[in-house]
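One letter stands for each residue in the lines below.
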Amino acid sequence: MTGVTRAIEEGATETREDGTRVLHYLLRFPQPVENVWAAVATSEGLRGWLAAAEVFESRLGGAVTLHGIGSGRITAWDVERIAEYTVEGRGRIRFHLEPTRPSGTTIRFTHETPEGEDPGWRPRFERLMSAP
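Residues numbered from 1 in each chain as written. Predicted model: local features only at pLDDT ≥ 70, side-chain atom pairs only at ≥ 80, totals over all residues. Heavy atoms only, no water.

J.: What is the right way to look at the packing of aromatic side chains in this model?
T.: Remark: the centre distance and the inter-plane angle together describe each pair of aromatic rings, the angle taken between the planes. Going through the model one piece at a time under the given rule, you end up with twelve aromatic pairs. Pairing Trp49 with Phe125 gives two aromatic rings, centres 6.1 Å apart and planes at 35°, and the pair type is tilted. Of this pair, Trp49 sits in the loop between helix H3 (43-47) and strand S4 (53-56) while Phe125 is found in helix H4 (residues 121-130), placing the two residues 76 residues apart along the sequence. For the pair Trp49 and Phe125, one class covers both residues: buried. Taking the centre distance of 5.4 Å and the plane angle of 20° together, the rings of Trp121 and Phe125 count as stacked. Highlighted residues: Trp121 and Phe125, both in helix H4, separated by four residues, approximately one helical turn. Each member of the pair Trp121 and Phe125 is classed as buried. Aromatic ring contacts, followed pair by pair, group Tyr25, Trp37, Trp49, Phe56, Trp77, Tyr85, Phe95, Phe109, Trp121 and Phe125 into a single cluster. (Phe/Tyr/Trp six-rings, centres within 6.5 Å; stacked < 30°, edge-to-face > 60°. Helix = DSSP H or I, 4+ residues; strand = E, 2+ residues; numbered from the N terminus. Buried < 20%, exposed > 50% of the residue type's maximum accessible area, 1.4 Å probe, protein only.)

As structure tokens, then:
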């Protein structure tokens, strides 16, 4: 668990003038980008740590429905670099993947949300870190 804790860094939380709360995390994986991309940008991968993707159209503008979270659209999509989902009532969830040497991956994660409560990202990221 110690390794997982160090691999998840919570960044600053900011609140914008319109009340939107912006959460930042930095996640480090020893796996290559293509493996991490599969975990955050495919219906099979998301099911393993976040939620079952009942609908998942893997393209810019595609529909996405995450069980228990909500429905929305893919609002940014650059294969193996950026996956961003805007979910009604839950805000925008963005994964920005960067390769690290020699074969790892860093995710710069951002969640812009109208809600003030903690959405529980840390335990979800711990599941992601331990996913096969």
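J.: Please explain the pattern of salt bridges as it appears in this structure.
T.: This model, assessed by the stated rule, comprises eight salt bridges. Of the charged contacts in the structure, one is a salt bridge between Arg16 and Glu112, with a shortest N-O distance of 3.3 Å. Here Glu112 lies in strand S9 (residues 104-113) and Arg16 lies in the loop between strand S2 (14-15) and strand S3 (21-29), a separation of 96 residues in the sequence. Of the residues examined, Glu112 reaches a relative accessible area of 17% and is grouped as buried. Between Glu84 and Arg92 there is a salt bridge whose closest N-O contact spans 3.9 Å. Linked through salt bridges whose partners overlap, the residues forming this network are Arg16, Glu84, Arg92, Arg94 and Glu112. (Salt bridge = Lys/Arg side-chain N within 4 Å of Asp/Glu carboxyl O.)

J.: What should I look at first to understand the side chain of Thr106 in this one?
T.: Within the fold, Thr106 resides in strand S9. Excluding anything up to four places from it in sequence, Thr106 contacts Leu26, Leu27, Arg28, His96, Leu97, Glu98 and Thr100. (Contact = heavy atoms within 4.5 Å.)

J.: What is the right way to read the environment of Leu23 from this model?
T.: Counting through the fold element by element, Leu23 comes out in strand S3. On the basis of relative accessibility, which here comes to 4%, the residue Leu23 falls in the buried class. When the C-alpha positions of Leu23 and Gly11 are compared, they lie 7.2 Å apart, and in sequence the two are twelve residues distant.

J.: Where do I start with the side chain of Thr65 in this structure?
T.: With respect to the helices, strands and loops of the structure, Thr65 is situated in strand S5 (residues 63-66). Ignoring sequence-local partners within four residues, the contact set of Thr65 consists of Ala52, Ala53, Glu54, Val55, Gly70 and Ser71.

J.: What should I look at first to understand the environment of Tyr85 in this one?
T.: Note on placement: Tyr85 falls in strand S7 (residues 82-87). Along the sequence, Tyr85 and Pro99 sit 14 residues apart, while their C-alpha atoms lie 21 Å from each other. A polar contact of 2.7 Å, which involves the side chain of Tyr85, links it to the backbone oxygen of Val40. (Polar contact = N/O pair within 3.5 Å; in protein donor to acceptor, adjacent residues only side chain to side chain.)

J.: Help me understand H4, please; the structure alone is not making it clear to me.
T.: An α-helical turn contains 3.6 residues, so any two residues separated by three or four positions project in the same direction. Every buried residue of H4 is accounted for by Trp121, Phe125, Leu128 and Met129. All buried residues of H4 fall inside an arc of 95° around its axis, so they share one side. (Arc of directions from axis to C-beta.)

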